[in-house]
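Read off the chains here:
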Amino acid sequence: MYMLPPAGRPAEEILNDLLSRKSQDTDSSSSRLWSLVYYHSEELLRLAQQAYAYYISENALNPMAFPSLRRMENEILGIVKSILHAPASAAGTLTSGGTESIFLAVKTARDYARRYKPHLYQPEIILPASAHPAFDKAAHYLGLKVVHVPVTSTGEVDVRAMEAAISEQTILLIGSAPSYPHGVIDPISDIAALAQKYHLLCHVDACVGGFILPFLEKNGVELPSYDFRVEGVTSISADLHKYGYTPKGASVVLYRERSLRRYQFFIYSGWSGGIYASATFSGTRSAGAIAAAWSVLQYLGESGYREAARLAWETTQRIRSAVSKIPELYIVGNPHATILAIAAHAPLDIYRIGDALAQRGWFLDRQQNPASLHLTVTAGHARVVETFIQDLAAAVEEEKSRMQRSGWRRRAGRALLRTGLAVLPERWIRGVARLISRTAQSNQPPRRTAALYGMMAALPKQGSVEKLVEDFLDKALEH
Ligand SMILES: *Cc1c(COP(=O)(O)O)cnc(C)c1O
């Protein structure tokens, strides 16, 4: 077992240890990852680090304790209100991330319904199939039922199906701006109109879009309406730690009416420690994330965000045009912004193209229905896009000639697709490969496939993919 060192170690030694451990990971500033990291520039990172360090010890739990933090929070909220065209009556809170913002919007809808529709026995929320699982997670924690509505071939939620799904128990309609899987903005005006017609709340998930759509729009890109300018939208979530390029731990949830925000709060007056009040899910809150977020907003300003949006947009267009020249590939749906999903026409297997890209040092997450590779294009990717495009074309050629050479692996790939395992993220597969290190070395199929076969062999007969992933999570979090 790994234990606390009996005596403390010298700081320098620890920092060297950290750097050497970190050197095993993909370099987050290399823009070789197409998810998880939103890289802008070294200068921005240094500012954020410094700002974070200034506030490393403070705690934003109590808004009265550190007035400078409360001021920064209010200023950040003011900024987000203005970029999302919120009316003066709007109010919100700063949270630790998109999941918390979404959790709070759903909790607010639940408690609002408890107040105004106390007769409901199983409240439901309705979301597009493409909406982020944070909604399913929130509903899971909050005891709500989730109704998923399919998306059309262009990737937008089917509004007629959404209307048909509305029942006596419905409390909240959801749309994404844009969706994470395919980068498509749902028809927010139509969803919000339904919400008004049936007296429901309407949440727009602009977690990933909140800090890029407004600046794309300012740059002249035509977009469907998605923010508080759409009547009937009652709340919006927008992450700072994505296209806001701020360090992790910063997001915003906003309500059109300040009175709605009260349903989010939690107050307990019976505690022996005093009266406990908290506006969000978290208790103790990182002041560093707030100070760093405020600093990055100041550093970039409107022109900086517009420039970052321009770079991400042009890089996205560059990739789209390259994909359109590769007949075996296509873009899923009709993405509106800077998120793309690349799929392959049968019989080419897009996951294998993902493997070939991984061998060239690119990391793209795998998606399903349809099978595709995901790209969140950021300003940082502008530097590497030409190399990526060359590698993508090379990966397709490689896969085509491999298929001509060998029939069995193609069939094997299809079998894996049917099991639903092939979609598991690359990092997990590599983790499993390490866990079941006995995987075949002799007959040389690509490492990922070998690992997948290992997992299939380890599957209990009645086991579902969920169960396997549950086991894997349990194993990965060792202690
Ligand atoms: C990232 C994301 C979320 C969840 O945000 P976290 O910060 O990862 O908790 C929710 N919705 C969309 C559309 C996202 O892209």
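Attention here is on the structure that accompanies the text.

Conventions and cut-offs
Residues numbered from 1 in each chain as written. Predicted model: local features only at pLDDT ≥ 70, side-chain atom pairs only at ≥ 80, totals over all residues. Heavy atoms only, no water. Pairing = 2+ DSSP bridges. Helix = DSSP H or I, 4+ residues; strand = E, 2+ residues; numbered from the N terminus. Axes fitted to C-alpha atoms, helices over the stretch in contact; angles between N-to-C directions. Buried < 20%, exposed > 50% of the residue type's maximum accessible area, 1.4 Å probe, protein only. Arc of directions from axis to C-beta. Core = buried A, V, L, I, M, F, W, Y, C linked by side-chain atoms within 4.5 Å. Near = heavy atom within 4 Å. Polar contact = N/O pair within 3.5 Å; in protein donor to acceptor, adjacent residues only side chain to side chain. Areas by Shrake-Rupley, 256 points an atom, 1.4 Å probe, with all protein chains shown as cover. Contact = heavy atoms within 4.5 Å. Salt bridge = Lys/Arg side-chain N within 4 Å of Asp/Glu carboxyl O.

## Considering the sheet that holds strand S7 (residues 251–255)
Here comes step 1: With mixed pairing, seven strands are arranged side by side in an open sheet as S1-S7-S6-S5-S4-S2-S3. Two strands close off the open sheet at either side, each with one partner strand: strand S1 (91–95) and strand S3 (145–149). Geometrically, the sheet is characterised by an average inter-axis angle of 20° between neighbouring strands, direction not taken into account.
Here comes step 2: In this sheet, strand S6 (residues 235–239) lies alongside strand S5 (residues 201–205) in parallel orientation, the contact comprising three bridges. Counted as the bridge partner of His203 is Ser235 from S6.

## Regarding helix H5 (residues 134–142)
Think of an α-helix as 3.6 residues a turn; residues three or four steps apart then line up on the same face.
Here comes step 1: Residues of H5 that are buried include every one of Ala134, Phe135, Ala138, Ala139 and Leu142, and no others. Down the axis of H5, the buried side of the element spans an arc of 140°, and every buried residue falls inside it. Summarising the geometry of H5, the exposed residues directed more than 90 degrees from the buried face are His140 and Tyr141.
Here comes step 2: Phi turns positive, to about 70°, at Gly143, one or two residues after H5.

## Quick look at the nonpolar core
Here comes step 1: In this structure, Ile76, Leu84, Leu173, Phe211, Val233, Leu240 and Tyr245 are the most contacted members of the largest nonpolar core, which totals 70 residues.
Here comes step 2: No other element matches helix H10 (residues 287–324), which puts twelve residues into this core.

## Thoughts on the site of the ligand
Here comes step 1: Around the ligand, the surrounding shell holds 13 residues, and the nearest of these are Gly98, Thr99, Asp205, His241 and Lys242.
Here comes step 2: One of the side-chain nitrogen or oxygen atoms of Thr99 is found 2.5 Å away from an oxygen atom of the ligand.
Here comes step 3: With respect to the ligand, the side chain of Asp205 contributes an N or O atom lying 2.6 Å from a nitrogen atom.
Here comes step 4: Across the complex, the protein chains shield 85% of the 380 Å² of accessible surface that the ligand would expose by itself.

## Regarding the sheet that holds strand S11 (residues 339–344)
Paired through their backbone hydrogen bonds, the strands of a sheet run either parallel or antiparallel.
Here comes step 1: The four strands are arranged S10-S11-S13-S12 in an open sheet whose pairing can be described as antiparallel. The open sheet has two edge strands, strand S10 (329–331) and strand S12 (365–367), and neither has a second partner. For this sheet the average axis-to-axis angle between neighbouring strands, irrespective of direction, equals 35°.
Here comes step 2: Each of S10, S11, S12 and strand S13 (372–376) is contacted by helix H11 (residues 350–359), which is oriented at about 50° to S13, the strand it contacts most.

## Considering the environment of Met1
Here comes step 1: Counting through the fold element by element, Met1 comes out in the segment before helix H1 (11–22).
Here comes step 2: Taking C-alpha positions, Met1 is 8.9 Å from His479, a pair spaced 478 residues apart along the chain.

## Digging into the pattern of salt bridges
Here comes step 1: For the coordinates displayed, the defined rule picks out 21 salt bridges.
Here comes step 2: The salt bridge partner of Arg110 is Asp111, with a shortest N-O separation of 2.9 Å. Just as Arg110 is buried, Asp111 falls in that class too.
Here comes step 3: Of the charged contacts, one joins Lys400 and Glu328 as a salt bridge, the two residues approaching to 2.8 Å between their closest N and O atoms. Of this pair, Lys400 sits in helix H12 (residues 385–405) while Glu328 sits in the loop between H10 and S10, placing them 72 residues apart in sequence.
Here comes step 4: By relative accessible area, Lys400 is classed as partly exposed at 25%.
Here comes step 5: Through salt bridges with shared partners, a single network forms among Arg9, Glu13, Asp17 and Arg21.

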